[in-house]
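Summary of the model geometry
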Amino acid sequence: MNVDPSDWAILERLRRAFLNGTAGESDYWLSPADLAAYDATFAQRIGWKWDFVLEDLHRLGWSPPAGPLLDWGCGSGIASRAFLDQFPSSDVTPVHYWDRSAKAMEYAAHKARTRFPGRTFVPGTVETPAVLLLSHVLTELAPPQVEALLASFSSVTSVIWVEPGTYDASLALIAIRERLRQEFPPIAPCPHTGACGILAPGNEPHWCHHFAAPPPGVFTDPFWGKFAQMLGIDLRSVPLSYLVLDRRPLGLPKPDTARRIGRPWTNKVDARFIACSAAAVAEAQFPKRTFPELWRNARKDRLPSLQTWERVDGTIVNVR
Ligand SMILES: C[S@@+](CC[C@H](N)C(=O)[O-])C[C@H]1O[C@@H](n2cnc3c(N)ncnc32)[C@H](O)[C@@H]1O
């Protein structure tokens, strides 16, 4: 990975704008060098989140509809590149890039053409995308801009939306899910299409978030070590929230399918975590004695995100 000394100043400026909430005010892509520095660093971390989400969609048996794909608020275009890596033979074409920054659209299209020479990439939007990708845009949009974006969903078959795993981003995605779920069913991370259990009384401390795993080499790579040190970023933690909507029937998961939310925690006798199912968002647990392998996985934070369980009074007695 190549990042020049001058690039650290770019990354610090971008990070300041992302953290202090001013990123939405004006176009911060001042030159292609900004996009290249972002693409080598922040965008890679966002790519790990996309891998988590797209691998989940693979497991659910989801496949992309044919037609144009739009990467909206594309930045350097990591979302659509991650998408094409995970679904290489998909019939999504052409791939369009939209951003308030012309520099970003050009950069994203150019980078994708180099990476996927056989495909067509177009800077600029498209009226009726089959697939709409949204990634880390919510905090930069004013309410009327979010409304305009949601109005454009009427012509889309599938929306895949990935945001940071913060309380605010999660609650914002949940509010959108609740507004749309009757006409545009959520298929992930939700294991059901009913009302979101996070919003039930008593669940105020919870938010729907998950953790992507960085590639193992990252922790021993001097480049990423310097990135973490220069920007004060914990490489181990890559939290995300996401929402996938699809108009095509995917088939509902079994009623006792549950999505783990956040990280599990363990003690000497059991493992516990917050689980989302059609019934509720509530704490679930399984005894170490009955599920030693699963307990070890929970301790190492390697518990599968989605499972089908048989539960008695919140205790898992059988895993399918
Ligand atoms: C944090 S970056 C995320 C870029 C990319 N989606 C990713 O995940 O790496 C947010 C992007 O949204 C774009 N953006 C902000 N406001 C926008 C708007 N009103 N319309 C279109 N794009 C916008 C910015 O220019 C920037 O490229």
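Heads up: these notes are all about the structure in this document. Source: prediction; values computed, not measured.

1. Focus on the overall build of the protein chain
Tallying secondary structure elements over the protein chain gives nine helices and 13 strands in all. Taking 2.2 N^0.38 as the reference for a compact globule, 320 residues should give roughly 20 Å; the C-alpha atoms of the protein chain span a radius of gyration of 20 Å, in line with that estimate. Based on the C-alpha atoms only, the size of the protein chain along its principal axes is roughly 55 × 45 × 35 Å. The burial tally for the protein chain puts 36% of its 320 residues in the buried class. Contacts in the protein chain between residues far apart in sequence, at least 24 positions, make up 75% of those at least 6 positions apart.

2. A closer look at the site of the ligand
As a matter of local geometry, the ligand sits amid 19 residues, with Gly73, Gly75, Arg100, Ser135 and Glu140 nearest to it. Secondary-structure elements contributing two or more residues to the shell around the ligand are helix H3 (42-59) and helix H4 (78-86). Its residues assigned to classes, the shell around the ligand comprises eight nonpolar, seven polar and four charged.

3. Topic: the pairing of strand S13 (residues 315-319)
Summarising the sheet, strand S12 (residues 306-312) and S13 pair through four bridges and their orientation is antiparallel. Across the sheet, residue Arg311 finds its bridge partner in S13, namely Ile316. In this antiparallel pair of consecutive strands, S12 and S13, the connection spans two residues, and Asp313 shows a positive phi of 50°.

4. Side note on the pairing of S12
As paired strands, strand S9 (residues 257-266) and S12 are joined by three bridges and run antiparallel to one another. Counterpart to Ala258 in the pairing with S12 is Gln307.

5. Comments concerning the packing of H3 against H4
Each packed pair of helices is defined by two parameters, the angle between the axes and the distance between the axes. It is the contact of H3 with H4, at a shortest axis distance of 9 Å, that shows an interaxial angle of 40°. Judged on the interaxial angle alone, H4 and H3 are oblique. Of the two possible hands of crossing, H3 and H4 adopt the one that is right-handed. On H4, the residues touching Ala43, Ile46, Gly47, Trp50, Asp51, Leu54 and His58 of H3 are Ile78, Ala79, Ala82, Phe83 and Gln86. Grouping the constituent residues of the contact of H3 with H4 by class yields eight nonpolar, three polar and one charged.

Reading guide: rules and limits
- Sequence order sets the numbering: in each chain, residues are counted from 1 along the sequence as written.
- Predicted model: local features are reported for residues with pLDDT of at least 70 only, side-chain atom pairs are reported and counted for 80 or more only, and whole-chain, interface and lining totals are derived from all residues.
- Every helix listed is a DSSP run of H or I at least four residues long, and every strand listed is a run of E at least two residues long, numbered separately from the N terminus.
- The globule rule is 2.2 Å times the number of residues to the power 0.38, and the radius of gyration it is compared with is taken over C-alpha atoms.
- Put simply, a residue is buried when 20 or more other C-beta atoms lie within 10 Å of its own C-beta and exposed when 12 or fewer do; between those, it is partly exposed, and each C-beta is set from the backbone.
- By the criterion used throughout, residues are in contact when their C-beta atoms, derived from the backbone, lie within 7 Å.
- By definition, a residue lies near a molecule or strand provided its backbone-derived C-beta atom is within 6 Å of it.
- All amino acids are sorted into three groups, where Ala, Val, Leu, Ile, Met, Phe, Trp, Tyr, Cys and Pro are nonpolar, Asp, Glu, Lys and Arg are charged, and the leftover types, Gly among them, are polar.
- At least two DSSP bridges between two strands are required for those strands to pair.
- Axes here mean lines fitted to C-alpha atoms, for a helix over just the part in contact, with angles spanning 0 to 180 degrees between N-to-C directions.
- Roughly parallel means an angle under 35 degrees; roughly antiparallel, over 145; roughly perpendicular, 65 to 115; everything else is oblique.
- For any helix crossing, the convention is left-handed if the near helix is rotated counterclockwise from the far helix by under a right angle, and right-handed if that rotation is clockwise.

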